[in-house]
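Breakdown of the fold
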Amino acid sequence: EPEVTQTPSHQVTQMGQEVILRCVPISNHLYFYWYRQILGQKVEFLVSFYNNEISEKSEIFDDQFSVERPDGSNFTLKIRSTKLEDSAMYFCASVRGREGETQYFGPGTRLLVL
Amino acid sequence: SQQGEEDPQALSIQEGENATMNCSYKTSINNLQWYRQNSGRGLVHLILIRSNEREKHSGRLRVTLDTSKKSSSLLITASRAADTASYFCATGVIYGGSQGNLIFGKGTKLSVKP
């Protein structure tokens, strides 16, 4: 069964460093999302992406964040200058595109900013 | 309270018993989805129920949706130790024909004792 994959599974970085989190959505899906979950808290929406542009973004998704679909398969989240509070599990999700479709989540990348 | 609030926050039962988790939300929705998360792992989609549906079954799972009360319940019958996990409801809204982001609740932590 097709699934969303994410790399790396874990990333440790120093505050102020740039990180790029990678996702490969399910191949025939058209809508892509990033969410994050700070330890012990609920999953929060960051950004959605469709047709090579951002559809929606939350207030968490500030100028330090960017997303890109550099080729036909990868979907990346970049954090330009990481802060301690960016430490979280980051999930990528994708949807095929028809109304009311299930969002399939990847296994997540656990980011630790020191 | 926030969109997608589950109760109880924690539930401990014996193997073989049924587990019921509830979710309330505030705004109009197009669908409601339930996810399971094992400790520190990814989100596994369990079931999606649309706003025009009242009940849905999948294996040992039964989901109900009452849009007049803005609430949903997830029933797991004949629970197993492997059902031990956190369960989240997530509400979805369609914007302009495309799937918007999901808003997650804080989750119910279910513990099934063998």
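Small disclaimer: the values here were computed from a predicted structure and weren't measured.

Description of the overall build of chain A
- Per the secondary structure count, chain A includes zero helices and 11 strands.
- Its C-alpha atoms give chain A a radius of gyration of 13 Å, within 12% of the compact-globule value 13 Å for 114 residues.
- Each of the three principal axes of chain A carries a C-alpha extent, and together these read 40 × 25 × 25 Å.
- In chain A, 53% of the contacts between residues at least 6 apart in sequence involve partners at least 24 apart.
- About 5,800 Å² of surface is accessible on chain A, with carbon and sulfur atoms providing 46% of the total.

A closer look at the sheet that holds strand 7 (residues 61-66) of chain B
All names here are of chain B.
- Strand order across the open sheet formed by five strands is 1-3-8-7-6, with antiparallel pairing between neighbours. Looking at the sheet topology across the chains shown, the edges are occupied by strand 1 (5-7) and strand 6 (55-58). Strand-to-strand twist across the sheet, computed as the mean angle between neighbouring axes with direction ignored, equals 15°.

Comments concerning the interface of chain A and chain B
- Contact with chain A, which involves 21 residues of that partner, is made by 25 residues of chain B.
- When chain A packs against chain B, the two sides together hide about 1,800 Å² of surface, and 52% of this comes from carbon and sulfur.
- Summed over the shared surface of chain A and chain B, the number is zero salt bridges.
- Viewed at the interface, chain B and chain A are joined by four residue pairs in polar contact (both at pLDDT 80 or more).
- Those elements that place two or more of their residues in the side of chain A that touches chain B are strand 4 (31-37), strand 5 (43-50) and strand 9 (88-95) of chain A.
- Sorting elements by how many residues they give to the side of chain A that touches chain B places strand 4 of chain A first, with four residues.

Quick word on the confidence of the model for chain B
- In this model, chain B carries a mean pLDDT of 89, and residues with pLDDT of at least 70 account for 91%.
- Mean pLDDT per element in chain B: strand 1 of chain B is the minimum at 76, and strand 7 of chain B is the maximum at 97.

Here's the deal with the side chain of Asn31 of chain B
All names here are of chain B.
- In this structure, Asn31 sits in strand 4 (residues 31-37).
- Take Asn31: its relative accessible area is 0%, and that puts it in the buried class.
- Within the local environment of Asn31, its side chain forms a polar contact with the side chain of Gln33, the two groups lying 3.2 Å apart.

A look at the pattern of salt bridges
- In total, this model carries four salt bridges over all chains according to the counting rule given.
- One salt bridge connects Glu44 of chain A with Arg36 of chain A, and the closest N-O pair in it is separated by 3.2 Å.
- In this structure Arg36 of chain A comes out as buried when scored by relative accessible area, which is 10%.
- The closest approach of N and O atoms between Lys56 of chain B and Glu53 of chain B, which form a salt bridge, is 3.8 Å.
- Note on Glu53 of chain B: relative accessible area 24%, which makes it partly exposed.

What counts and what doesn't
- Residues numbered from 1 in each chain as written.
- Chains lettered and ligands numbered in written order.
- Predicted model: local features only at pLDDT ≥ 70, side-chain atom pairs only at ≥ 80, totals over all residues.
- Heavy atoms only, no water.
- Helix = DSSP H or I, 4+ residues; strand = E, 2+ residues; numbered from the N terminus.
- Rg over C-alpha atoms; globule rule 2.2 N^0.38 Å.
- Contact = heavy atoms within 4.5 Å.
- Areas by Shrake-Rupley, 256 points an atom, 1.4 Å probe, with all protein chains shown as cover.
- Pairing = 2+ DSSP bridges.
- Axes fitted to C-alpha atoms, helices over the stretch in contact; angles between N-to-C directions.
- Buried area = accessible area lost by both parts, 1.4 Å probe.
- Salt bridge = Lys/Arg side-chain N within 4 Å of Asp/Glu carboxyl O.
- Polar contact = N/O pair within 3.5 Å; in protein donor to acceptor, adjacent residues only side chain to side chain.
- pLDDT = per-residue confidence, 0-100.
- Buried < 20%, exposed > 50% of the residue type's maximum accessible area, 1.4 Å probe, protein only.

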